[in-house]
Amino acid sequence: MAEEDDTGIRILQSLRGKICEAKNLVPCPGPNRMRDCFCTVSLDQEEVFRTKVFEKSLSPFYGEDFYFEIPRPFQYLSFYVYAKGVFQRDLSVGKVAIRKDELSKYHGREHWFSLQPVDPNSEVQGKVHLEMKLNELITDNGSVCQQLVVRVIECQGLPLISGQCCDPYATVSLIGPARSDQKKTKVKKKTSNPQFEETFYFEVTRSSSYTKKSQFQVEEEDIEKLEIKVDLWNNGNLVQDVFLGETRVSVKILRNDSSHRAWYLLQPKDNGNKTSKVDDLGSLRLNITYTEDNVLPSKYYTPLRDLLLKSPDVKHISASAAHILGDICRERYEAVLPVVRLLLHHNRLVPFVTAIAALELEQTQEANTIFRGNSLATRCIDDMMKIVGKRYLTVTLKPVLDEICESSKSCEIDPIKLKEGDNVEVNKENLHLYVQKVFNSIIQSSMSCPTVMCDVFNSLRQLATKRFPVDPHVQYSAVSSFVFLRFFAVAVLSPHSFQLRAHHPDAETSRTLTLISKTIQTLGSWGSLSKNKLSSFKESYMYDFFKSFQEEKYIEEVKKFLDEISSNESKESSSVEESVILKEGEVHKRAQGRKRIGKKNFKKRWLRLTTRELSYHKHKGKDSLYVIPIKNILAVEKLEESAFNKKNMFQVIHTEKLLYVQANNCVEANEWIEVLSRVSRCNLGRLNSYHPSAYISGNWLCCKATSETQPGCKPCTATMPANIQLDIDCDRETERIFSLFVSNRSKLQKMEDACASIAVYQGPQKEQDDYSHFTIQDPRETFNTIKQIHEITEQLQEHHETFQKKRSTSAKYGSEQNPIVGKTS
């Protein structure tokens, strides 16, 4: 999700990380000192991710990965640790709050953070728009005094209170050495972006001839000691009002200009002494990777994009721009991903992978080590499978993994790890049943294998056969080393990493999945082994267990499956026999067809999206109350907050009534819109325009049209058909590639120097370490490509600098895009 500024730059934010573990948490009072703890991730105060509850521990190990696109501006990324409450609210143990501009300090590395107390007065987000000016007034007796005029214009981004928009009001105070005058705005109902537009007047100074008694005395020169304090509050009605933030502005800002207007970020309450010692609440180990891409208009990326798309056609593939990037970013695994996505989008990945795989095979001496390393070819194929194979994994593995994770059958077969009362033979039967189910799901899935995966596997098979013509099994091991070892087995081992499960499984289930994954790996490799060869399990109990699978039928089934997915005739199935759940969760849904606004119109419902339909249910597991076939969805768009005074709403426009849905947070709303748009993007009759607000009381709130069937007043955001599995932003991927070239400029220069030296002296003349990590087949061609990369990236750098200058002038300090932080003097 992008913010777009006035210059046309799209600002795209994403967050990837891992909540590893906590330690030394504060114990519970009483004899039972252990806690049942969970951790949450919040953008400002909006929770966007929650771990599972870790029971009875003061040092819980979570091990939960998270990734999401950040769909809105934010000030703080916060991690909260909570103790689960039984009969009362969950108790906050502590938090880690990191300002957005400090996230780069922790990029991509694990850190231990000390937990800080959760103080309601420090939980602040949003900004306020103020205008101040000084007026001179002539009193009735002819003397002159100064009057301070303060206008509270509006606020943006105030937090949700108990999951709902707040009822905000502002207090405005003039504070000085001997006075404190306070005034108050009206309360604005159910909004996070209140429009106040209220003006307040304060008498600041009087002439010495002014004789009327007053509650304060201020000398002329004391004006610079005065400040305006604006506090935002949520009106609690029958309960205590909740502090939302404050900002302070010194009146002396008006000494050079009698008028001042600016946006201010709201700050925590100023409690004076902040040096008091904080009790040790424990610590939290986190890995955080925050990425912000500043994407220029598309035309500026054309030269770099064209150079990268030519990569598969370069005679010596190591001289291509895509291969050079992989060479200089060898230790950065994520560097390959944008290249893979870009080549995939333009149907150029298969020839590129074929070329780099052929280059790797030239250097492979033994057939049994084929594609086993962490090379450019294996990294590209891994990323390709993760991108295009998401739905394939969901269709193939999710039903059986759900069954395994939600059952409580013990599968432990290691005699050392058996619990008291466990029966190893029963556990073996349970494990055998699960392995058989997973294996059957895989070998029967060939018709669902994405076409691009089939094409890559076909190329690998042909290349391997050509490289090792006397080995009859290498054609299978070349494919199985990816589809079994690097795809299915990894997804079984870690289903939450592939979005097959919402959370990391508990310890016992994780152990079961590990045993299944090990067996599946060996089964997948069995097609490349002779019948009398034994498996190479290190553990004797796994060797004994696997004996039951050493039958000819398993070898033949694996071979048949590998033949099918690596054949030119294997194509992705046009339909899925069984309906598979793509996303589900609790939401608030507005009753369809209601004409009036009211709280009772919104009900909690369980929303479920499958490969066939969108449905909602009273609770999870209950029969559907309403079903929308995917083919009937005409558009999926955001809904303006003003429609129902609710945040994080979207609408599903289909052939019957409009469906209005409120998600639990901004990230979840974004994910629902994305997945619904993707599965319905190829539908016939998709709309080109929509209404961003609701039809209530006889008119559309957005355009005031009175007919309910009036065509939309705003263009839809996604009207072009697209591959259901791919949703690739090529400009964003090219921007990331540009950033990688820039950040690795020194290595690019070393590679250029190596090419020059080899070309001139017919061999390396410097220390081998300077060249050992580079693959240079043709130094002259590689040198020319590097020169082009230098020229193109320098031009792009200039474009970035030009746009940044425009941004800095258009977003001056104090503007809506660049609000003032902290107290102004």
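How each quantity is defined
- Residues numbered from 1 in each chain as written.
- Predicted model: local features only at pLDDT ≥ 70, side-chain atom pairs only at ≥ 80, totals over all residues.
- Heavy atoms only, no water.
- Helix = DSSP H or I, 4+ residues; strand = E, 2+ residues; numbered from the N terminus.
- Buried < 20%, exposed > 50% of the residue type's maximum accessible area, 1.4 Å probe, protein only.
- Areas by Shrake-Rupley, 256 points an atom, 1.4 Å probe, with all protein chains shown as cover.
- Phe/Tyr/Trp six-rings, centres within 6.5 Å; stacked < 30°, edge-to-face > 60°.
- Lys NZ or Arg CZ within 6 Å of the ring centre and 35° of its normal.
- Patch = residues over 30% accessible without salt bridge, like charges linked within 9 Å, V, L, I, M, F, W, Y side chains within 5 Å.
- Salt bridge = Lys/Arg side-chain N within 4 Å of Asp/Glu carboxyl O.
- Lys, Arg positive; Asp, Glu negative; His and termini not counted.
- Charge placed at Lys NZ, Arg CZ, Asp CG, Glu CD.
- Contact = heavy atoms within 4.5 Å.
- Pairing = 2+ DSSP bridges.
- Axes fitted to C-alpha atoms, helices over the stretch in contact; angles between N-to-C directions.
- Parallel < 35°, antiparallel > 145°, perpendicular 65-115°, else oblique.
- Left-handed = near helix turned anticlockwise from the far one by under 90°.
- Nonpolar A, V, L, I, M, F, W, Y, C, P; charged D, E, K, R; others polar.
- Core = buried A, V, L, I, M, F, W, Y, C linked by side-chain atoms within 4.5 Å.
- Disulfide = S-S within 2.5 Å.
- Polar contact = N/O pair within 3.5 Å; in protein donor to acceptor, adjacent residues only side chain to side chain.
- 1 Å grid on protein atoms, 1.4 Å probe; cavity = no way out; pocket = protein on both sides within 12 Å on 5 of 7 lines; lining within 4 Å.
- Points joined across faces, edges and corners; volume = space filled by probe spheres on them.

Undergrad: An account of the overall build of the chain is requested, with residue identities and associated values reported.
TA: When helices and strands are counted, the chain shows 16 helices and 30 strands. Evaluated residue by residue, the chain yields a buried proportion of 51% over its 825 residues. In the form shown here, the chain has an accessible surface area of approximately 40,000 Å², with 48% of it arising from carbon and sulfur atoms.

Undergrad: Report on the packing of aromatic side chains, specifying residues and quantitative values.
TA: This structure, assessed with the given rule, holds 24 aromatic pairs. Aromatic side chains F49 and F66 sit 5.8 Å apart centroid to centroid with 40° between the ring planes, which places their arrangement in the tilted category. In this pair, F49 sits in strand β4 (residues 46-50) while F66 sits in strand β5 (residues 61-70), placing the two residues 17 residues apart along the sequence. Assessed through its relative accessible area of 14%, F49 is described here as buried. Seen from the ring of F202, K183 lies directly overhead, with NZ or CZ sitting 5.2 Å from the centre. Over the aromatic face of Y616 sits the side chain of K589, whose NZ or CZ is 4.6 Å from the ring centroid.

Undergrad: Give a detailed account of a negative patch on the surface, specifying residues and quantitative values.
TA: The grouping of E791, E794, E798 and E801 at the surface amounts to a negative patch. Counting through the fold element by element, E791 comes out in helix α16 (residues 779-810).

Undergrad: Got a sec to walk through the environment of T465? Specific residues and values, please.
TA: Within the secondary structure, T465 is located in helix α8 (residues 451-467). Between the alpha carbons of T465 and A478 there is a distance of 9.1 Å; along the sequence they are 13 residues apart. In contact with T465, not counting residues within four places along its chain, are V474 and Q475.

Undergrad: So what's going on with the sheet that holds strand β20 (residues 581-590)? Which residues, and what values?
TA: In space, the 7 strands of this open sheet follow the order β23-β22-β21-β20-β26-β25-β24, with antiparallel pairing throughout. Edge positions in the open sheet fall to β23 (624-629) and β24 (633-638), since each of these has one partner strand only. Taken over all neighbouring pairs, the strand axes of this sheet differ in orientation by 30° on average, direction set aside. Here β20 runs beside strand β26 (residues 659-662); their pairing, made up of 2 bridges, is antiparallel. Residue H588 lies in a different strand from β26, and its bridge partner there is Q662. Sheet contacts for helix α13 (residues 666-680): β20, β21 (602-610), β22 (613-617), β24 and β25 (649-654); angle to β20, the most-contacted strand, approximately 120°.

Undergrad: Can you break down the packing of helix α2 (residues 321-328) against helix α14 (residues 730-743) residue by residue, with the values?
TA: Contact pair α2 / α14: the axes reach a minimum separation of 10 Å and the direction vectors enclose 50°. Looking at the two axes, α2 sits oblique to α14. Crossing of α2 against α14: the hand is left-handed. Contact residues: α2 offers A321, L325 and I328, while α14 offers I737, L740 and F741. Considered class by class, the residues forming the contact of α2 with α14 number 6 nonpolar, no polar and no charged.

Undergrad: Mind laying out helix α3 (residues 336-345), listing which residues take part and the relevant values?
TA: Across the 10 residues of α3, 8 count as buried, placing the element largely inside the fold. On its buried face, α3 sits against α1 (302-309), α2, α4 (349-362), α5 (376-388), α8 and α14. Directly after α3, the chain includes N347, whose backbone phi takes a positive value near 55°.

Undergrad: Can you explain unusual backbone geometry? Please cite residues and give values.
TA: Among all residues except glycine, the phi angle is most often negative; among peptide bonds, the trans geometry is most common. One non-glycine residue, N645, lies in the positive phi region at around 55°. As for its position among the elements, N645 is in the loop between β24 and β25. For N645, a relative accessible area of 35% gives the class partly exposed. With a phi angle near 60°, N648 is a residue other than glycine that sits in the positive phi range. Tracing the sequence through the fold places N648 in the loop between β24 and β25. On the basis of relative accessible area, N648 is assigned to the buried category, the value being 15%.

Undergrad: Pulling in residues and values, what's your account of the nonpolar core?
TA: Ranked by internal contacts, the top residues of the largest apolar core, which has 112 residues, are M384, L397, F457, V483 and F561. Ranked by residues supplied to this core, first place goes to helix α9 (residues 474-493) with 12 residues. Apart from residues lying up to four places away in sequence, V483 is in contact with F457, F488, F561, L562 and I565. Counting 34 residues, the second largest nonpolar core, distinct from the first, contains V150, C166, V230 and I820.

Undergrad: So what's going on with the state of the cysteines? Which residues, and what values?
TA: This model, assessed by the stated rule, comprises 0 disulfides. You can see C703 has no disulfide; the closest cysteine sulfur is in C713, sitting 4.0 Å from it. Judged by relative accessible area, which is 30%, C703 ranks as partly exposed.

Undergrad: Break down the side chain of N427 for me, with residues and values.
TA: Within the secondary structure layout, N427 lies in helix α7 (residues 424-443). Residue N427 is classed as buried on the basis of its relative accessible area of 3%. A distance of 2.9 Å separates a polar side-chain atom of N427 from the backbone oxygen of E412. With near-sequence residues (within four places) excluded, N427 lies in contact with S410, C411, E412, I413, L418 and D422.

Undergrad: Provide a residue-level description of the pairing of strand β18 (residues 259-265), including the pertinent values.
TA: β18 sits mainly inside the fold: 5 of its 7 residues count as buried. Relative to β18, strand β9 (residues 127-138) runs antiparallel, the two being bridged by 7 bridges. In the strand pairing of β18, M132 is matched with H260.

Undergrad: Any chance you could break down the sheet that holds strand β13 (residues 168-176) for me, citing the residues and the numbers?
TA: Read across the sheet, 4 strands follow the order β14-β13-β16-β17 without closing on themselves; strand pairing throughout is antiparallel. Since the sheet does not close on itself, it has two edges, and those belong to β14 (179-184) and β17 (242-250), each with one partner. The sheet shows a mean angle of 20° between the axes of neighbouring strands, direction not considered. Strand direction decides the pairing type here: β13 and strand β16 (residues 227-234), joined by 8 bridges, are antiparallel. In the sheet register, V172 faces β16, and the bridge partner there is V230.

Undergrad: An account of the environment of K646 is needed here, citing residue identities and associated values.
TA: Summarising the element assignment, K646 is placed in the loop between β24 and β25. Counting along the chain gives 455 residues from K646 to T191, while the straight-line C-alpha distance between them is 7.2 Å. K646 has contacts with Q164, C165, F602, E641 and Q662, leaving out every residue within four places of it along the chain.

Undergrad: Describe the pattern of salt bridges, and please don't skip the residues or the numbers.
TA: Tallied over the full model, the rule gives 34 salt bridges. Between R285 and E21 there is a salt bridge, with the nearest N and O atoms lying 2.6 Å from each other. Separated by 264 residues along the polypeptide, R285 in strand β19 (residues 283-295) and E21 in strand β2 (residues 10-23) bring together distant segments of the chain. Just as R285 is buried, E21 falls in that class too.

Undergrad: Pulling in residues and values, what's your account of empty space enclosed by the protein?
TA: The final tally for this structure, using the stated rule, is 3 cavities of 30 Å³ or more. The calculated volume of the second largest cavity comes to roughly 40 Å³. Residue lining of the second largest cavity: Q75, Y76, R99, S122, V124, L266, Q267 and P268, and that is the complete set. Class assignment of the residues belonging to the lining of the second largest cavity gives a composition of 4 nonpolar, 3 polar and 1 charged.

Everything listed here is a matter of coordinates, which is why it stays silent on function.
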